[in-house]
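An overview of the molecular structure
What follows is each chain in one-letter form.
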Amino acid sequence: MTGDRTAGDALLQAAGAAGGLGRPDRTPAPSPVPAGGFPSPRQPVPPTPPPSPVRPGWYLRRWEELTAPQRRRTGEALAGGLRMPLVEPDPQGDPGYRLVTFLHRDVDASAVILSANGLLDHRDPAAMEFDRLPGAGLWALTLRMPADWEAGYRITVHSGPDAPPWRVVGADRRTVRLAADAGGVDPLNPAVGATMNGAAQSLLRLPAAPDAPWLAAATPAQAQRLAARTHPATAVGASVAAALPSVMGAAAPGADITTPDAGPDSRLRQLRVRDTTGGRERLVWLYLPQAHRRGAAGGAVPAATGRSERLPLVLLHDGQVWAKWLNLAATLDAAVSAGVLPPLAVAMIDSLDVPTRTRELSGPTGTVDFLARDLLPLLRSRFPVTADRSRTVVCGASYGGLAALWQLARFPELVGAALAQSPSLWRYDLAAPLSPVAGRVRIRLQAGIYESTVHEPSAALARTLADVGADLGFRSITGGHDWAWWHPWLVRGLAELLGGGAAADSGPSGSPAPAGPGRAGAVGSAQLSV
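Before going into details, it helps to say that this report is about the structure given with it.

From N to C terminus, the protein includes 15 helices and 18 strands. Per-residue burial for the protein yields a buried fraction of 57% across its 530 residues. The contacts in the protein between residues at least 6 apart in sequence include a share of 79% that link residues at least 24 apart. Of the roughly 20800 Å² that the protein leaves accessible, carbon and sulfur atoms contribute 54%.

If you want it as structure tokens, here you go:
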């Protein structure tokens, strides 16, 4: 649908500026840049890696105790569809932890490494390398992790006599991370999600992570191609694939996937909106609940006739990821149907390319001005969405989370709430810009415990704003800087800000949650050794 415009879009286009949807007439201009200017941005600082969770040689020692028939049956169990990773109770007896063992089969490999978000220490990447298991072509790595860990990961294999590229002496953090992350999804784990650029990653959510039965299957650019190659029924097991239509926001092999822009009944409509400051068009994917979508034959979205019919409005940065790769529209349909979220409208704003995103989403102007000057007036005048600032929420992750906070600081008269996931607060200290509006807005911050340069300033900002009376919540997530948890926690954060049914209650971080699709449960070692 990237080049198409629907009949409804054409109707809107007629009212807008040439080349895109323009700001309607009689719309007040946004607030000017403060006379004192903005604080200067800071340069990034590498995060401090957490203490290594690796349990060296844990599974290797167990393997060496097995007999030849037991080893053979282990290989047969893996080929027959036993789902990995292996999750077991903590040997120290702590219910707040689990042992997580990753297995990988490659007879030609000379080194295998796990790239799990937030855990790789570029100063000692070898600590995340797998142990070779004698006589089987298998490799194993065991971690001791909090029982509510949520993560995306990839496995990278090196073959040949030379040292693997992640072990290059003197390599910087970025070089090591790229080398360790150059592999692919875990062939023994059917849970496949997506990253920023649409690349597939494996997903893992341990038993104490809150359940998310409304989380839809992701549609990463590589997922459908990789599923046929790395998860054939002979390797994963047809019964396992059939039982996992949605796995932690991942597409299970053989799952029926409706792409976000497929046909006239798509959940999303694509808009082209004129960015008057940038002098270009921006793509925006608009989600409306089922009752507000046009019919199959086309036509305009029903107009709202009264205030009570107008929908809460969510403005979501990095819209191309949510619309194309994470299948957020399907998640929203399920969450609304389950009573987790109220019927709502979500505008997913394209962040264009990497240079533009870095320049315009990482500071107080750019995309922040586009939302205030162009997008909000258009949405409120042409679609059945609220003009009530208290029911308008801006959201984003990373730079998008930072932009969401800047939106409140600069335009509290337009947007009254923000959900900032892993906001890049290493770049700006927003205590001073946000303090003057603290009593007028609501803020929810989420940050992973394995992203120190984000988690620590987020906690500090929460303390500062709470002291000046802000309606503020801060939640620590057991994860890194990771789409694997941003997707489910986006829904939970919106439920907190906009209201929802009992199903929205995730409980305190680390509390046990009921079983649900995609949850990794404890697996006894007997299943791998008899």
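With that out of the way, let us pick up the packing of aromatic side chains. Taken as a whole and assessed by the stated rule, the structure comprises 7 aromatic pairs. On the basis of an interplanar angle of 80° and a centroid distance of 5.5 Å, the ring pair of F38 and W406 is categorised as edge-to-face. Of this pair, F38 sits in the loop between helix 1 (7-14) and helix 2 (58-64) while W406 sits in helix 12 (residues 399-410), and the two are 368 residues apart along the sequence. Its relative accessible area of 25% is what places F38 among the partly exposed residues. Judged by centre distance (5.4 Å) and plane angle (90°), the rings of W406 and Y428 are edge-to-face. Of this pair, W406 sits in helix 12 while Y428 sits in the loop between strand 16 (417-421) and helix 13 (431-434), and the two are 22 residues apart along the sequence.

Right, let's get into the environment of V176. For V176, the location among the structural elements is in helix 4 (residues 173-180). Each C-alpha atom, one on V176 and one on P125, is 7.5 Å from the other, the two residues being 51 residues apart in sequence. Aside from chain neighbours lying at most four places away, what touches V176 is L120, H122, P125, W166 and A171.

Let us now look at the pattern of salt bridges. On inspection of all chains with the given rule, the structure shows 19 salt bridges. Across the pair R62 and E88 runs a salt bridge whose closest N-O atoms are separated by 2.9 Å. Taken as a pair, R62 in helix 2 and E88 in strand 1 (residues 86-89) lie far apart in primary sequence, 26 residues in all. Taking the relative accessible area as the measure of exposure, E88 reaches 8% and is therefore buried. A single network of salt bridges, built from pairs that share partners, joins D275, R280, R282, R359 and E360.

Core analysis: the biggest nonpolar cluster contains 52 residues, and L315, L375, L379, L405 and L434 have the highest contact counts within it. Ignoring any residue separated from it by four or fewer positions in sequence, one finds L375 in contact with V273, V284, L315, I349 and F370. Within the second largest apolar cluster, 41 residues are counted, among which are L316, V336, C395 and L497.

Here helix 11 (residues 367-382) crosses helix 12 at 50°, and the two axes come no closer than 9 Å. Viewed along their axes, helix 11 and helix 12 adopt a mutual orientation that is oblique. Pair helix 11 / helix 12 crosses with right-handed handedness. When helix 11 is examined against helix 12, the residues V368, D369, L371 and A372 are found in contact with a partner set consisting of A403, W406, Q407 and R410. Counted by class, the contact of helix 11 with helix 12 contains 5 nonpolar, 1 polar and 2 charged residues.

Moving on: helix 12. Between its terminal C-alpha atoms helix 12 stretches 16 Å, which fits the 16 Å expected from 12 residues at 1.5 Å a residue. With 12 of 12 residues buried, helix 12 is to be regarded as a mostly interior element. Among the residues making up helix 12, those that are buried are Y399, G400, G401, L402, A403, A404, L405, W406, Q407, L408, A409 and R410.

Our next topic: the side chain of S424. With respect to the element layout, S424 can be found in the loop between strand 16 and helix 13. Given the relative accessible area of 2%, S424 is considered buried. Reaching out from S424, the side chain makes a polar contact with the backbone nitrogen of Y399 at a distance of 3.3 Å. Beyond its immediate chain neighbours, meaning those up to four positions away, S424 contacts S398, Y399 and L402.

What follows deals with the sheet that holds strand 15 (residues 392-397). Two strands in a sheet stick together by hydrogen bonds in their backbones, pointing the same way (parallel) or opposite ways (antiparallel). With mixed pairing, the 8 strands of this open sheet are ordered in space as 11-12-14-13-15-16-17-18. Edge positions in the open sheet fall to strand 11 (268-275) and strand 18 (471-477), since each of these has one partner strand only. For this sheet, the mean inter-axis angle between neighbouring strands, taken without regard to orientation, is 20°. Across 5 bridges, strand 15 lies against strand 16 in parallel orientation. Residue V393 lies in a different strand from strand 16, and its bridge partner there is A417. Against the sheet, helix 9 (residues 328-337) touches strand 11, strand 12 (280-287), strand 13 (313-316) and strand 14 (345-349), its axis set at about 30° to strand 12. Contacting strand 17 (442-448) and strand 18, helix 14 (residues 452-467) crosses the sheet at an angle of about 155° to strand 17.

What follows concerns the sheet that holds strand 2 (residues 97-105). Ordered in space as 1-2-5-4, the 4 strands form an open sheet in which the pairing is antiparallel. Every other strand in the sheet has two partners, leaving strand 1 and strand 4 (131-133) as the edge strands with one partner each. Looking at each pair of strands side by side, their axes are set apart by 30° on average, direction ignored. Where strand 4 meets strand 5 (residues 138-146), 3 bridges bridge the pair, whose relative direction is antiparallel. Along strand 5, the bridge assignment pairs R132 with W139.

The subject of this paragraph is the environment of G96. Assignment of secondary structure puts G96 in the loop between strand 1 and strand 2. Linking G96 and P146, residues 50 residues apart in sequence, is a C-alpha distance of 5.8 Å. When near neighbours in sequence (up to four residues on either side) are disregarded, G96 contacts M145, P146 and A147.

Cut-offs applied
- Per chain, the residues get numbers from 1 upward, laid out in the order the sequence is written.
- Only residues with pLDDT of at least 70 are given local features in this predicted model, and only at 80 or more are side-chain atom pairs given and counted; all residues enter the totals for whole chains, interfaces and linings.
- Excluded from the side-chain calculation are hydrogens and water; included are all heavy atoms of the structure.
- Helix and strand definitions follow DSSP, with helices as H or I runs of at least four residues and strands as E runs of at least two, each counted in order from the N terminus.
- Three labels apply to residues, based on accessible area from a 1.4 Å probe with only protein chains included: buried if under 20% of the type maximum, exposed if over 50%, partly exposed otherwise in between.
- Residue contacts are defined here by distance: any two heavy atoms, one from each residue, within 4.5 Å place the two residues in contact.
- Areas reported as accessible are Shrake-Rupley estimates using a 1.4 Å probe. Residue values count occlusion only from the protein chains shown.
- Two aromatic rings, drawn from Phe, Tyr or Trp (for Trp, its six-membered ring), form a pair once their centres lie within 6.5 Å of each other, and the interplanar angle then sorts them: stacked below 30 degrees, edge-to-face above 60, tilted otherwise.
- We count a salt bridge whenever a side-chain nitrogen from Lys or Arg sits within 4 Å of a carboxyl oxygen from Asp or Glu.
- The term nonpolar core refers to a set of buried residues drawn from Ala, Val, Leu, Ile, Met, Phe, Trp, Tyr and Cys, joined through side-chain atoms within 4.5 Å.
- Note on geometry: axes are lines fitted to C-alpha atoms, helical ones only across the stretch in contact, with angles between N-to-C directions running from 0 to 180 degrees.
- Any angle that is under 35 degrees is reported as roughly parallel, and any over 145 degrees as roughly antiparallel; angles of 65 to 115 degrees are reported as roughly perpendicular and all others as oblique.
- Left-handed is the label given to a crossing in which the near helix is rotated counterclockwise from the far helix by less than a right angle, and right-handed is the label when the rotation is clockwise.
- Polar here means any residue other than Ala, Val, Leu, Ile, Met, Phe, Trp, Tyr, Cys and Pro, which are nonpolar, and Asp, Glu, Lys and Arg, which are charged; Gly is therefore polar.
- Helix span, expected: 1.5 Å multiplied by one less than the number of residues in the helix.
- Any N or O atom pair separated by 3.5 Å or less is treated as a polar contact, with the protein-specific requirement of one donor-capable and one acceptor-capable atom, and with residues adjacent in sequence counted only for side-chain atom pairs.
- In this scheme, strands are said to pair when DSSP sees at least two bridges between them.

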